[in-house]
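Residue-level structure breakdown
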Amino acid sequence: QVQLMESGGGLVQTGGSLRLSCAASGSILSINVMGWYRQAPGKQRELVATIHSGGRTNYADSVKGRFTISRDNAKNTVDLEMNSLKPEDTAVYYCYARVQTGPLKYEYAYWGQGSQVSVSS
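In this text, all values refer to a predicted model and were calculated from it rather than measured experimentally.

This part is about the sheet that holds strand E8 (residues 77-82). The 4 strands are arranged E1-E3-E8-E7 in an open sheet whose pairing can be described as antiparallel. Looking at which strands have only one partner, the edges of the open sheet turn out to be strand E1 (2-7) and strand E7 (67-72). In this sheet, adjacent strand axes meet at a mean angle of 15° when their direction is disregarded. Taken together, the 6 bridges between E7 and E8 define a ladder with antiparallel strand orientation. Considered in E8, the bridge of Ser70 is made with Asp79.

Taken as a whole, this structure holds 3 aromatic pairs when the rule is applied. Judged by centre distance (5.0 Å) and plane angle (65°), the ring pair of Tyr37 and Trp111 falls under edge-to-face. Of this pair, Tyr37 sits in strand E4 (residues 30-39) while Trp111 is found in strand E10 (residues 107-111), placing the two residues 74 residues apart along the sequence. Look at Tyr37 and you get buried, because its relative accessible area is 18%.

Inspection of every chain in the model, using the stated rule, returns 7 salt bridges. For the salt bridge of Lys64 with Asp61, the shortest nitrogen-to-oxygen distance reads 3.1 Å. A salt bridge links Arg66 to Asp89; its shortest N-O distance comes to 2.8 Å. Note that Arg66 is positioned in the loop between strand E6 (57-59) and E7 and Asp89 in the loop between E8 and strand E9 (91-100), a separation of 23 residues in sequence. As far as the burial class goes, Arg66 and Asp89 line up, both buried.

Let's shift gears to the state of the cysteines. If you walk through the whole model with that rule in mind, you get 1 disulfide. Disulfide partner of Cys22: Cys95, at an S-S distance of 2.1 Å. Handedness here is read from the sign of the S-S torsion; for Cys22 and Cys95, about -90°, the answer is left-handed. With Cys22 in strand E3 (residues 18-26) and Cys95 in strand E9, this residue pair connects regions lying 73 residues apart in the sequence. Cys95 sits in the buried class, given a relative accessible area of 0%.

Cut-offs used in this document
- Residues numbered from 1 in each chain as written.
- Predicted model: local features only at pLDDT ≥ 70, side-chain atom pairs only at ≥ 80, totals over all residues.
- Heavy atoms only, no water.
- Pairing = 2+ DSSP bridges.
- Helix = DSSP H or I, 4+ residues; strand = E, 2+ residues; numbered from the N terminus.
- Axes fitted to C-alpha atoms, helices over the stretch in contact; angles between N-to-C directions.
- Phe/Tyr/Trp six-rings, centres within 6.5 Å; stacked < 30°, edge-to-face > 60°.
- Buried < 20%, exposed > 50% of the residue type's maximum accessible area, 1.4 Å probe, protein only.
- Salt bridge = Lys/Arg side-chain N within 4 Å of Asp/Glu carboxyl O.
- Disulfide = S-S within 2.5 Å.

Here it is in structure tokens:
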């Protein structure tokens, strides 16, 4: 019912910047939380940043001060601006959204397909 379409990602050098974008589409009444997770080779998937509909954000300690998450509630999109990138940021980044699809419906989590971010040293 809901699809998360990611764009952005790529290969940059240490200290560079990238912007990830994600757009939610389908049967959407509201999106309470949007955010990004990442999974590096050989590691567990971890939370990077989330943003609630009211604007409250939270970040992993490893990205605080370097990454900025934002969203457009009207467009059902979320962006992740990544600055001062480090090799340890290399991972597949997954868009995440908790979506209510209609009145009196439960809220479910949805995931994007993943976007590769590679940072060379």
